[in-house]
Each structure stands twice: as C-alpha cells, then as structure tokens.
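Listed below are the residues making up each chain.
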Protein chains: 4
Amino acid sequence: MENIKVGVLGATGAVGQKFIALLQHHPYFRVHELVASERSAGKPYRDAVSWVQSSPLPGPVGETYIKSTAEPLESTILFSGLDSSIAGELEERYAAAGHVVISNSKNHRMDRDVPLVIPEINADHLKMIEHQPYPGALVTNPNCSTIFLAMALAPLHRAFGVEAVQVSTMQAISGAGYPGLSATDIMGNVIPHISGEEEKLETETLKILGARNGDRVLPADISIGAQCTRVAVIDGHTETLSVKLASRPELAEVRAALEDFRGYPQEAALPSAPQQALWVFDDPNRPQPARDLMIEGGMSTLIGRLRSCPVFDVRMVVLGHNTIRGAAGAAILNAEALVAMGYLTGGCFSKEPHRRDACVETPAAAEPVAGR
Amino acid sequence: MENIKVGVLGATGAVGQKFIALLQHHPYFRVHELVASERSAGKPYRDAVSWVQSSPLPGPVGETYIKSTAEPLESTILFSGLDSSIAGELEERYAAAGHVVISNSKNHRMDRDVPLVIPEINADHLKMIEHQPYPGALVTNPNCSTIFLAMALAPLHRAFGVEAVQVSTMQAISGAGYPGLSATDIMGNVIPHISGEEEKLETETLKILGARNGDRVLPADISIGAQCTRVAVIDGHTETLSVKLASRPELAEVRAALEDFRGYPQEAALPSAPQQALWVFDDPNRPQPARDLMIEGGMSTLIGRLRSCPVFDVRMVVLGHNTIRGAAGAAILNAEALVAMGYLTGGCFSKEPHRRDACVETPAAAEPVAGR
Amino acid sequence: MENIKVGVLGATGAVGQKFIALLQHHPYFRVHELVASERSAGKPYRDAVSWVQSSPLPGPVGETYIKSTAEPLESTILFSGLDSSIAGELEERYAAAGHVVISNSKNHRMDRDVPLVIPEINADHLKMIEHQPYPGALVTNPNCSTIFLAMALAPLHRAFGVEAVQVSTMQAISGAGYPGLSATDIMGNVIPHISGEEEKLETETLKILGARNGDRVLPADISIGAQCTRVAVIDGHTETLSVKLASRPELAEVRAALEDFRGYPQEAALPSAPQQALWVFDDPNRPQPARDLMIEGGMSTLIGRLRSCPVFDVRMVVLGHNTIRGAAGAAILNAEALVAMGYLTGGCFSKEPHRRDACVETPAAAEPVAGR
Amino acid sequence: MENIKVGVLGATGAVGQKFIALLQHHPYFRVHELVASERSAGKPYRDAVSWVQSSPLPGPVGETYIKSTAEPLESTILFSGLDSSIAGELEERYAAAGHVVISNSKNHRMDRDVPLVIPEINADHLKMIEHQPYPGALVTNPNCSTIFLAMALAPLHRAFGVEAVQVSTMQAISGAGYPGLSATDIMGNVIPHISGEEEKLETETLKILGARNGDRVLPADISIGAQCTRVAVIDGHTETLSVKLASRPELAEVRAALEDFRGYPQEAALPSAPQQALWVFDDPNRPQPARDLMIEGGMSTLIGRLRSCPVFDVRMVVLGHNTIRGAAGAAILNAEALVAMGYLTGGCFSKEPHRRDACVETPAAAEPVAGR
C-alpha cells in the first residue's frame, strides 16, 4: 500500500476544505501540508479556516500549521484549489520545484502541454506529463459543469459521433465558493449568467474529448452552445442537453451506451472511482440535486429523461455533485490514476512509470522554492 | 366607457384569485359572479377561499356568494381558471349558453375552431370566433411558458424567419397552482420534469405563430425542442433560448427587432397592455425573477443576454411573470382586445363587430344552463 | 444477539419511512411487516411509497407486500407512525393482540397508564407497562420539539430545580410530514403557529420530568410557556430557552450539568444511543440545522449560546433532528431500552423481565385481530 | 407645502438605497445630495451603486454625482445610513456644521443628549435637540427589531405597566445589509446569533419607553431578555413575546389597547404614518413576512396570536418590515415629526419651533466642513 504525502494549496477555501474532507480516510494519500495566504500562514488550520463542510474538521488537520506560498514544501503531490488570480504562476513554480501539481484551477487547463483529464474519458492524456518542461508535473481537471457534460457526451461520441450540443445549466451556489453569493441575490431567484462558465463548457469539452497525439491534443470537432444560470440549490449542477449525432441510433442503444460506460477508474478500481460511472433514471422526476446527489459518494454522473429531440437527436437531463465529482473528487481521481499508471511508485514521482530509480528528489530536500 | 359584467370560473383557485386581484381596478370589467365547485358554492367568497395573493382580498368580492357550475350565469364574459379535469365540457357549455368564455385552461387551446391568442402576435385570430358554432364564444390564451417563448420568437420570425429553437425552462412554483408543490420536494432543489409542459411549448407556439386562413390556422413551420424544469422561485419563468434563423442578421438588427416589437395591444392602447412589449437588458446578470418581474405590472416579457450562438444563430434568456402575463393577465388582455375590436359594443356580445343590434341576449335571461 | 421481528405501522408515511431507513442495519430489529392504509395494502412497498429519504429504499423492504390494518400481524414489536386520526384505536387493538406497540403518535402519550419516555431521562417509566391492561404493551415517545426541550431541562431540573421556562421554537418543514406544507406557504417565510404544538410542549414535558409512583406519574411542577413557529428549514427544530432555576448556580456549573448528562441509553450502551447525550457549543453561531444536525447520527441534542438571562437565570439555544431523535429514532431507542431491561428476552415479550417462560404467545398464532 | 433639501449619507448601502426609494414621491423632502465613500465619490450614482431595491432606481437620482464625506453639504436634513465604523464621528461633524442629522446608525442612540425616537411613542423626546451642543441636531431611531418590540410594548406599558418581557426574534437577511449573509450560510438554515442585537433590544427599548425630564431620559424599569436568530426570509422580522404586566387585564382589554394605539404621527397625519399603527390579526397563522409585510406600505407593526401565557401574562407574535418601518422609514418619520413640530419652518432649521428668523444659516454657505 502506497503512503504518499500530499499538500493542499488554498487550504482554507471551499475547494481546499473539500480536498481535506475527501482525503480524510484515503487509502494512500496523507494530508501532510496545508498552504494558504499570508494572512493565514503560521496559524493552526482550525483558527484560520471557516469550516463549512457537513463533516467535522478532522482533528489532526485542525492542528496543522498553515504554510505560506513562499515556504518550500515537502509533499510529493499538491492538490491545488488556489484562486485563479494566483494559481497561474504558483502552480508552475511548484511543478518546477519537483511537485506533482493536481489542479482544480482554471488557469492551465487549456495550456498546450497540460493534460485536462477525466480519467473515465481520457486517462491516456496523463502521459503528456512525460513531455512537460518541469521536473514535477502539472495536471488539471475540468470545470465542474464541463465534467458532467463531458461524461454524458463521451459514450455517445464514441458510439455514435456527437456533432452538436445545446446545453443549459442550473448551477448550485457552492460552485461560487465561500462566501460566494449573497443570500439577497439568490434566494428564490435565478441569475442568468455565470462569468466565464459558458466559454469553459464550449472549449474544455473539446479538449477532453479530443485525441492525444504524443504531447498534443487535437480537439474534438463538436459544435457546443452553452447557457449557464445560477439557481438556489446548495450542491449539484443540473444540465439539460440536446445532442445531434452523426448516426441515428435507437434510444435503447443510446441508453445502453450510457449505462455501459466505464473507463480507466473502473478498470483499475481506483479508490475514488464510482462503480457505475453514469446512472440512468427511469422516473421522469429524477435525478434531483436534493435527493440523488450522494449516489456513489457524489462521484457518479446522473442522467434522466433520456428521450428523442424534435430538433436534434436525443435529449436528457444530467446532474452531478459540483464540489465532489466536479472539483476536489475529480482532482483526487486524477492523482489516483497517476499512481495506478506507475508515476508515483514508492511514493516518489518519476516520469518513467514504475521506475523508482528515476524519481525526482524530495522537493524540499532540493533547492528551496524562491520566495515571492 | 364600457361597463361589462364578468364572471370568474374556478374562482377559489390560484388563477381565479389572480383574475380577481387584477380586475380590481379595471376600467370596464366588473367582477359580478364567482363560480366554484359544489364544495364552495353558496358560501361567501371570503369563507371559501384560501387567499394567497400579496394584495388584500377586495372587500366586495369577499362578500360575493359563490355560484355552482350548475347555476345559470348573468355575466357577458367568463374568465376561466377551471381545472383541466372539468374545463373541457364546462367551457363549451357556457359558450353554448351565450357567454364569451376567455379561458386560461389547456383543454380547448388546440381545438381547430378555437383561437389561441397573444394579441401582440395574432390578434387577428380572434376573428375565428365569428365562425364558432356557439351563440357565445370561446377564446384561449397559451400556456404560461409558451407565452414568453412566443413573445420572443414573434418579432424574429417576422423579420428573419425562425427555423428551429431549443428552449430550456426554469419555472416557478406558482405555475403549479395552490397548494401545488410540497416544500419538501422543491426547497433547494430542481425537479427536471413538468408533466405535459414540453408538449405545450412545442405545439402551442406553432399555432400562435401560424397564419389564419378564415376559420383555420396553418401552424408555423418551426422545429421546437423544449426541456422544462421546476426551480425554487415563487413567481417568474426563466427560459434559455437558442434560435436558428432563415436569414443572417447582425445582433444589432435582432435587438432592434425585439425592442421595436409592438402589436395590437400597444396600437389600441388596451388597458392591460405593456407599453414596451419586450424589454431588452444589457446587464448580463438580468433579468432576474426576484428583481425584475413586476416591470410594467408584470405584463412585459423580459429579455437578457442577447448574443450569438455557436450552434444556431442567436441565444438569449427570456423571463416573464407566469401568473400575470402568463395566465390571468393574458386572458384579460384577450378580453380587452375583443372589446376594442367591437365584439362587445354596449356590453353585449355580437359576432358582428360594432353591431349592438346583433347581440346575443343576456345569457341568464335566455334558457338556463342545463344542470349537471 | 437478539433477532426480533418488527413491523412498521403507517409504513408509507414520513415517519414510517424513517423507521425503515433507521432500522436498515439494526443489530437486532428486523423489519418483517409493513402496514398501511387499504389503498396501499396488497402492493409491494416500492409501488406504494413515495420514498423521500436521502438514503435509497432498502431492496428487500421494497419487495415486501404491504398488509392492511385489518390483517393479523406476526411481529413482536410494532413501531407506529400512524396518523393520529386512526392511531388511537388501532394501537390499543394491537397491544390487546399481544404486540409491543412503540408509538410516535400523539394519541396515547398523556394516557394515565402509558409511559411517555425519553430513556436518558425516565427509562424507569417503562416499568409502567407491567401494569397495563393488555397482554402486549404500549409505549410512547414525546412530540419532537418536546424531546429537545426535555433533554435540555432534565439535567438542570435534577441539579438545580427548574421552576419556569419560556421556549420559542423554529421548526423544520419535515415535522409536518409529507407532502406537508405547500412550498407557496413556507418558502422565504415564517408561519407563526403550529396547531397543538405549544400544548404538547407545555404538558408532555411535565410528564417526562415527573416522578413515577408505581403505575402512575406525578407531573413535574414547572411553569412552561411555549411559542411555536415554522421556518424554511428541511430538518432540525431550533428552540430558544429561558429557564428559571430554584437555586443560583454559576454558568460553569450549568454547563457541566449539561455536558455530563447521561442516562440509561449511555449506561446500557443501547445501539442507537448517542455517546454524548448533550453537545454544548462555544461558537456563538452554532448549532445550526444545516450544519450540525447529523452529529452522532442525529441522536444528540445540541446546545449553544449558554448564557445568563436578565429575566430568568439561564438562556440557551437547543437544536435537534426532528425526524431522527425527535421521532423514529426516539421510538427505536425506547424499544432498545425495553430489550436491555429484559422485556424481550429471546425475542418474545414478557411483562416479567428476563422470564422467557412468561412470554405472550406470538400474536398471529393467537386469535386474529378483529377486522375493521 | 414645504420643500426641504435632504442628503443621504451612505447612499450606496442597503439603507441608503431604501432612503432613496422611499423618498422618491415624498411631498416635501427632495433628495438633493448623495454622500458615499471615497471609492464612489465623483461618480454618477448609477455607476457606483449595486441597486437591489424592487422598485427601479429613480432616473434623476441615478444621474446625481456622489459627494465624498470631506465635501461641504448644502442639504438641511441628512439621512444617515452610514456604517457604524464611521458614523460616530461623521454624524457629529455634520451636526456641528448645522445639519439636522437623522440617523439610522447605532452609534449615538444611547448618547445622553441624543433622542432615540419612535414618534408614536416618544415624539416629545425630540425636544431634546433644543439642548444639544450643536448648531444643527442629531436624532436617532432604534434598531429594527427594537422598533417592533417597543411598538407592541408601548400601549401595554401605558395601560397596564410592563414589568418583564421575554422576546425571541427570527430576523430577515436584509437586516444584515448588502451583500450581507452568504447564501451558503443561511439557505435552509437558522443562525442562532446576531452580534450585538440582543443588547440593543434590552437597552434601547428602555430609553424609548422612558420618561424625558428636560434634556434627559429616565429609562423605563422593565426587565427584558432577548434571543435573536437569523432565518431564511428576505424582509420582515418576526418576534415572539411573552409579557409580564403590573395589572391583570382581560385579553380583550389588551387587544383594545393595542388596536387603539395611536400617537403623534397619526394625530399630526405625518405623510409616512400608518393609519393603524398596530394591526391585530385573528387568524392564528398570521402575520407572515411573505404575505403581510407591505400593509400600509410597510409602516405598520403587525401583531398576531394574542393569548394568555402560562408563565407571564400575555403572549403574542410581532412582525414588522425591517428595512422600511425598521430603518429608513423610521428615520423619515422622525424627520416628518420635526417638520410638524415646527423645527424646520420654511425649510431651514431652528431650535425654536416656528421661528424662521432663528434659523441656522444654510450649512454650505457657512464655514465648510473640515476635510478628513
């Protein structure tokens, strides 16, 4: 059993908290370091965080002293929930210092040499790290609502070819972080805009569904139109999809493609993988965020109302847990895939799978990270 | 100034209440009779209703004794908020007895000889009543979410030709009537299905945008795909639209077509008509149900986020007040149009406009309505 | 390990569902029979229930065929979530037929010979069943909001004597059952009245805190004034208390009395017992229903803002999970106490503890319950 | 008709916005100046404000350029919605410069020479301004929840003597300003603490109900215990009260005292005065914030569930609109009272009522306010 030291970047934020909550009983990742802003650095985590998770703050984590972004770190893997205003430069710096940065931030997702991965779909894109110009590595997961869209499209694209998609989202307030939205703004309301969200759905999906050619990804050729709204839901992004296919399958074939969908996490039995990647509901009133979100620990993507479409070919409703499968859980699954692929054999990082002798040195033992 | 006696069918229900609230200060419609189920009949309205409007119950209405559906009625116009389980037969019976039935119920909307009217769009369809087989008349308004869709499409269809639409709705709980949804089911939730709603959007819209040929309507040739959900909003249906056009206008032309849209209610200055039929917002965060719904008394249709679409041509968000412009207010506007067109000259109904001498007799003076 | 057959009365209702959810992994109670109204009888449970629990319906329970209230039952223990309109007569009938009825319904709580029990406080009241006039037994738990009030008062009454209490509640919608409240009525609202609730707080509390004298309870001499409201919360009743004490303890002594409070469930290590019966929070913003309710599986009573009172002696906020500790979980804890006290040795019921030979016969083997 | 120039201090905040909305059609106050922080100063109001009122921003106000707190002002009356972090010093400075400062901020409410006024109760306290050490004046209104408590207690105190009160509040999110609470914190939740709120209820009420002796107020001798919580309501503070009286009136006498309550605003027919200061509901389910709040434009105090109390004498539920009667409307009513009492005859301020010749000079014509 591996025992790998991990750090959490942006540890006091909503995503950072979710990393800590989800890693609490992880079979081989150990939360070793917490990194936050200067304001929090030097304090015990318990005193710096406004803990808003439903599970209690794990005791030992609460006692951990927070490090600043200027200090050298010791962890092999760094899970990043850094704010996008600072993630761009910092994540590269950590990768340059030899860390494996697994980021949920948006900054590097579309970088040419950075894999953007949902391991059920494109685990092979992780191999791009072998070509990255750092001693460490930098891996990203997509935007939350993009993950559920891509999960629903992937089996259809493989089986029938997706040509065009119209997607309209109803996104939960937790997607805006904490404190996030003012209650005055969202209670009993719908806000018809989420800044930058539609662009992410329209571009990230193409990279995820694209084909890797060595160190590059050729984006998929799909036309995507996204419309994103915020609704008064705590957790869970709901999306209505209408999909135009290249071939003309029966609905039963579409359903079978969705239900049978499995990928590397299921094959490699990754600890955080859902057994059933996609759940298809028959009850037309499901799935619902307040009822169905925690199926398989929040790691499955839930599909309902599969039916034909008068304009395109098939329609459906897709729902997923935005802070678990859509954020922290997605990053953890990516890290588990790296472990299973042999990049972290013996708890150290090597770009040559299963070659412990080719590991980068423990980062903090090497040159310290340059101060800011 | 006209002074026309009106009755409200289904007076204790949510739509019936809204009729009463909106008619309170009407310049020429006077609430004269209230009709409800056997259970309520014979009681003063105040004792039978669970009044859930934000304005107080008008005193004289509260003292009015409720009539049963078996009793003959005296009012020229009957506004119907009857439940669809009984509206089908009863509305025909009242039209046969000489009443002008202005219905918000779904039963007769798609009947071949019944006009389905939004007077900004197809006021001329009202002339179909001249061919109806009753001494009275039967006029319907569309389903709530259909009204806002049709209002947004009508100017585009006229100017550029609409070929296809994808619409996804987020509908308020008041659309389900009262008591309607259980709080347990909808608080902090999204329900991904509203029974029968998508079919209404996909069929009613075509009739409204269709061309009248004497006593018939040729439906518009538009492909519509609708996906309807319920969200935790009190009033106001929000819809995301993606529209495929026959021609390729600039966005500025689309916007001008929307903002310049006006029809019979504006030309004839009907009392309930909004001055600006369509409002176009620049702020990408608007319109919002909790903020903007009462613009022009809830009778305008609000449009935001007008922009081009990667899949079709233009995208936008549409919002309207579902119980005012989408229900009771829509029916009242239809009745006002009939008055302005001369069908109710002198307060009596004639199929020949402005011909008081051709009026049907006051219904209750004629043969009584057959008991049930 | 005991293995006791239990039935659930009112199985399709909200309380019945919670019984089923909580009993799913119980160490010795096995759900054997489900009883519901004529309308549901004869159907598999899955087809008759509108399952609104957050955990999925346990498979075997879903396949169980529902019995009517007219059929004889086989279970030793019957957990009753019957509607109060029928619970009165039916529960007595089942007790007369030899069943141990553990009821959450209000009907018999204040009956002179029926114990009203919170086992941390008055487990000895359970001995009253030895004097009941049935071959079986009838045990009740208090109203949900009463349970949290009594739990907070019990240690204070023991240590310092409680003379008077003012309590004001903010109760969750799940307390009204399912479908319960209309969303139109409660979203963004406070309803200042819950029918019958204040009377329950003011009377049941006195019986629970009273002293048993053989087969009778002498109510406690405390003056209680309750004001109950409904708020837009899914689960969790919050109560503000102001308490007048006979003696004048320091706040630290009050706190110690609360934190040290334990009773029979903790001593006997009952399976559903919280380890810490009362949790006292220091953070003035806690406890909160949306954050803290599931501490110890929803079986603890949570206390915050302990401070002195300008009018009485001490003030505090009390919170508890109304459908777990306040309903189904309370009944299950009562049944576990009966088992631990020896009334169900070997899975059959005897009024003489630990005397299997004195058991009543298996009810269904005896005379069938009279049909309705 | 008077025509008095008024300024709004803290104009972009939630209270400042409400001042602007309420003053839009005022018969004699004209919004002449808007004052906000350095960040907003120099901009048109429309560009600086995030307008969250349900009525649209009045056009001319939107075009008004915001002044900084360092600039001299021209308005006779300044309505202050300043943040308490700066209100203390600034309000005194403006009074020293000759302005009549009508403040909703907490800073000076309990100052010995500052009147804390609800004009129905203690309009005579306004005369304290004659003794203030400024050329201008400084008048405050109470905290929002205090206003409703004091309004309910005042007639009881006059008629029967109030000895003690227990009050528990359920306060709306708008009371926390804008952006105020995070949606994550309050949706579906109750927060059992509002910082400083209980102290205000317990002290301000005594000053309001106290007797003025020249330039001083002798606080009322009432024991008050308050417990304050925040609930998921947009507008409207609900309070449960239990009141101990010196005499023992019948409930009907208590009710009559409440319903008959009127004071200076009603006698002087102030423009913002409710005709009925206190509304008493018979329906036990009323008043409700989502239904009843806008009675008399949000200026009445609403009372329900009047009944006897097992611990004290009478109990009731009290509700009021926290941002209208509880804040901006309260301040405007105070200003209207000053006008009616003759302190602003001819639109200029004089400490000698009805003596225009004794007016202070127009402030801005005098020495400029000292820069910060």
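Rules behind the numbers
- Residues numbered from 1 in each chain as written.
- Chains lettered and ligands numbered in written order.
- Predicted model: local features only at pLDDT ≥ 70, side-chain atom pairs only at ≥ 80, totals over all residues.
- Buried ≥ 20, exposed ≤ 12 C-beta atoms within 10 Å, placed from the backbone.
- Helix = DSSP H or I, 4+ residues; strand = E, 2+ residues; numbered from the N terminus.
- Pairing = 2+ DSSP bridges.
- Contact = placed C-beta atoms within 7 Å.
- Nonpolar A, V, L, I, M, F, W, Y, C, P; charged D, E, K, R; others polar.
- Domains from an automatic or database assignment.
- Right-handed = clockwise from strand over helix to strand, strands pointing away.

Engineer: Just to check I follow, could you spell out the pairing of strand β14 (residues 314–320) of chain D for this structure?
Structural biologist: The two faces of the sheet receive side chains in turn, since in a regular strand these alternate between them. All names here are of chain D. Of all seven residues in β14, seven are buried; the element is thus mostly enclosed. Of the two faces of β14, the one carrying Val-314, Met-316, Val-318 and Gly-320 and the one carrying Arg-315, Val-317 and Leu-319 are both buried. Inspection of the sheet shows strand β13 (residues 301–308) paired to β14 by five bridges, in the antiparallel sense. Counted as the bridge partner of Ser-308 is Val-314 from β14.

Engineer: Could you clarify how one ought to interpret the interface of chain D and chain A in this entry?
Structural biologist: Frequently, the measure chosen for interface size is the accessible area removed from exposure when the parts meet. Listed as interface residues are 14 residues of chain D and, on the opposing side, 14 residues of chain A. A per-class count over the side of chain D that touches chain A returns 10 nonpolar, four polar and no charged.

Engineer: I would appreciate a short explanation of the domain arrangement of chain A in the present structure.
Structural biologist: All names here are of chain A. On domain assignment, one finds that chain A holds domain 1 (4–108 + 342–365) and domain 2 (144–322). The straight-line distance from the C-alpha centre of domain 1 to that of domain 2 is 28 Å. Between domain 1 and domain 2, the residue contacts involve six residues of the former and five residues of the latter.

Engineer: I keep staring at the environment of Pro-142 of chain D and nothing clicks. Help me out?
Structural biologist: All names here are of chain D. Turning to its location among the elements, Pro-142 is positioned in the loop between β5 (137–140) and α6 (144–160). With 28 C-beta atoms packed within 10 Å, Pro-142 lands in the buried category. Along the primary structure Pro-142 and Ala-331 are separated by 189 residues, whereas in three dimensions their C-alpha atoms are 9.1 Å apart. With sequence-adjacent residues up to four places away left out, Pro-142 is seen in contact with Arg-109, Leu-116, Ile-118, Ile-147, Ala-150, Glu-204 and Ile-208.

Engineer: Hey, could you run me through the pairing of strand β1 (residues 4–9) of chain C in this one?
Structural biologist: All names here are of chain C. A large share of β1 lies buried, amounting to five of its six residues. The sheet contact formed by β1 and strand β2 (residues 29–35) spans six bridges and is parallel. Residue Val-8 lies in a different strand from β2, and its bridge partner there is Leu-34. Between β1 and its parallel partner β2, the chain crosses via helix α1 (residues 14–23), and the hand of that crossover is right-handed. Across four bridges, β1 lies against strand β3 (residues 77–80) in parallel orientation. Bridging from a neighbouring strand, Val-6 pairs with Ile-77 of β3.

Engineer: What is the right way to look at the interface of chain B and chain A in this model?
Structural biologist: Across the boundary between the two partners, chain B contributes 36 residues, which contact 36 residues of chain A. Mapped onto the side of chain B that touches chain A, the elements with two or more residues apiece are β6 (162–171), β7 (190–191), β10 (223–231), β11 (237–245), α11 (289–292), β13 (301–308) and β14 (314–320) of chain B. A total of six residues in the side of chain B that touches chain A trace back to one element, the largest contributor, which is β10 of chain B. Its residues assigned to classes, the side of chain B that touches chain A shows 18 nonpolar, 15 polar and three charged.

Engineer: Whenever I open this one, unusual backbone geometry confuses me. Can you help?
Structural biologist: Most of the time, phi is negative for any residue but glycine, and the peptide bond is trans. Omega for the peptide link from Tyr-178 of chain A to Pro-179 of chain A comes to 5°, which places this bond in the cis form. Counting through the fold element by element, Pro-179 of chain A comes out in the loop between β6 (162–171) and α7 (183–186). Along the chain, Arg-286 of chain D connects to Pro-287 of chain D via a cis peptide bond; the corresponding omega equals 0°. Looking at the element boundaries, Pro-287 of chain D is found in the loop between β12 (278–280) and α11 (289–292). Not every positive phi belongs to a glycine, and Arg-305 of chain A is a case in point at roughly 55°. For Arg-305 of chain A, the position within the fold is in strand β13 (residues 301–308). Here His-354 of chain A, not a glycine, exhibits a phi torsion of approximately 65°, which is positive. Summarising the element assignment, His-354 of chain A is placed in the segment after α12 (324–340). The exposure class assigned to His-354 of chain A is exposed, which follows from the 12 C-beta atoms found within 10 Å.

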